[in-house]
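Structure at a glance
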Amino acid sequence: MTATTAASTEDPRRAGPKRHRLGGLRHGAAGPLFVAPFMVLFLLMFLTPLGYAAYLSLFQERLIGGTAFVGLDNYVTALNDPLLREGVLRVATFFVIQVPLMLLLALFFALALDSGLLHLARVIRLGIFVPYAVPSVVATLMWGYLYGPDFGPFAQLSEKFDLPVPHFLSDGWMLASLANVVTWEFVGYNMIILYAALRTIPQELYEAAAMDGAGAWRTAWSIKLPALRPALMLTLLFSVIGSFQLFNEPKLLQAIAPDVIDSSYTANLYAYSLAFTGQQVNYAAAVSFLLGLFIVIFSYAVLFTANRRRTS
């Protein structure tokens with residue numbers, strides 16, 4: 001009886017760790033299985049084309065001798081290419097003008113919706129977000145019609161009231177016109193990110209601020225804005241990447257204003273024109289890699305500067 005009882009009391013304790021270890025193995029094997037579909041698609045759809053583009057950038061098509069290995073010559077040529085430098089500088093100017101305005105508008109709308117003072121807040125939130133659901137091609141075509149100096153409504157209204165016709169697609173206004181299109185598209189997207197971050201702020205902070213006599217402006221300045229810093233950094237990072245990848249809007253408006261937007265108006269458009277119009281696939285691959293490297297460096301510089309200011 002004693003031996004049997006001892007055996008029965010010891011068996012569960014001996015079997016318990018074994019079951020735990022077996023369960024741990026099962027969980028350990030399940031993790032890679034869940035990640036495997038993503039890794040396969042990531043390898044096939046991202047890393048493989050990226051590696052092939054890197055391979056192409058090291059070669060050059062020549063009239064005599066065919067394809068020849070040139071090493072980093074394409075990258076050296078791209079660094080000294082004035083058209084690429086002008087495109088990058090133009091996009092950097094676009095970033096400086098458009099991104100602060102877009103993020104300020106998104107922040108204003110997010111704070112206004114979170115204040116609870118707006119009537120029909122859900123309808124307003126949906127109305128601000130709807131432009132993001134419109135494809136960029138459709139949005140650009142729509143704004144291209146509005147900008148039209150011959151057939152657009154702004155031009156027709158100006159002629160009706162004997163006012164000068166606004167030249168939104170001229171050389172001096174083109175960058176601002178593109179900024180307006182992109183801002184209209186992405187204010188709602190950034191507003192949703194900031195608004196979602198505001199909804200995660202604990203209610204206890206608002207109650208403590210009210211007990212201390214803080215008003216709406218003081219609460220927004222001392223509680224809401226500090227809590228929005230990570231979300232603002234995320235939207236800023238997305239804006240850096242999106243600005244330097246500007247392509248759809250200038251590509252479509254090029255058909256309306258070909259004298260203003262050429263094939264090198266933006267760096268991304270320049271790489272596309274080299275590959276599919278000029279058939280310079282190898283050089284286009286090098287330009288694309290340099291553009292990607294510049295985006296990584298610029299994004300890191302923005303994040304490093306913002307984090308340094310926050311810690312100081």
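Anyway, here's the lowdown on the structure attached to this text.

What counts, and where the lines are drawn
- Residues numbered from 1 in each chain as written.
- Predicted model: local features only at pLDDT ≥ 70, side-chain atom pairs only at ≥ 80, totals over all residues.
- Heavy atoms only, no water.
- Core = buried A, V, L, I, M, F, W, Y, C linked by side-chain atoms within 4.5 Å.
- Buried < 20%, exposed > 50% of the residue type's maximum accessible area, 1.4 Å probe, protein only.
- Helix = DSSP H or I, 4+ residues; strand = E, 2+ residues; numbered from the N terminus.
- Contact = heavy atoms within 4.5 Å.
- Phe/Tyr/Trp six-rings, centres within 6.5 Å; stacked < 30°, edge-to-face > 60°.

What follows deals with the nonpolar core. M191, L194 and V287 are the most contacted members of the largest nonpolar core, which has 42 residues in total. Breaking this core down by element, the ones donating at least two residues are α2 (73–79), α3 (82–115), α7 (174–199), α8 (203–211), α10 (229–244), α12 (267–276) and α13 (281–311). Excluding residues within four positions of it along the chain, M191 makes contact with A106, F109, A110, L113, R125, I128 and F129. Grouped together as the second largest cluster of nonpolar side chains are 19 residues, W143, L169, F247 and I261 included.

Before going further, it helps to examine the packing of aromatic side chains. All chains considered together, the criterion is met by 24 aromatic pairs. Consider the rings of F95 and F244, whose centres lie 6.3 Å apart with planes at 35°: the pair is tilted. Linking F95 in helix α3 with F244 in helix α10, this pair joins segments that are 149 residues apart in sequence. Judged by relative accessible area, F95 falls into the buried class, the value being 10%. When the centroid spacing of 5.4 Å and the interplanar angle of 40° are considered together, the rings of Y147 and F168 count as tilted. Placement of Y147 in helix α5 (residues 136–147) and of F168 in the loop between α6 (153–160) and α7 is noted, with a sequence separation of 21 residues between them. Residue Y147 is classed as buried on the basis of its relative accessible area, which comes to 4%. Members of the aromatic cluster, joined through ring pairs, are W143, Y147, F154, F168, W173 and W184.

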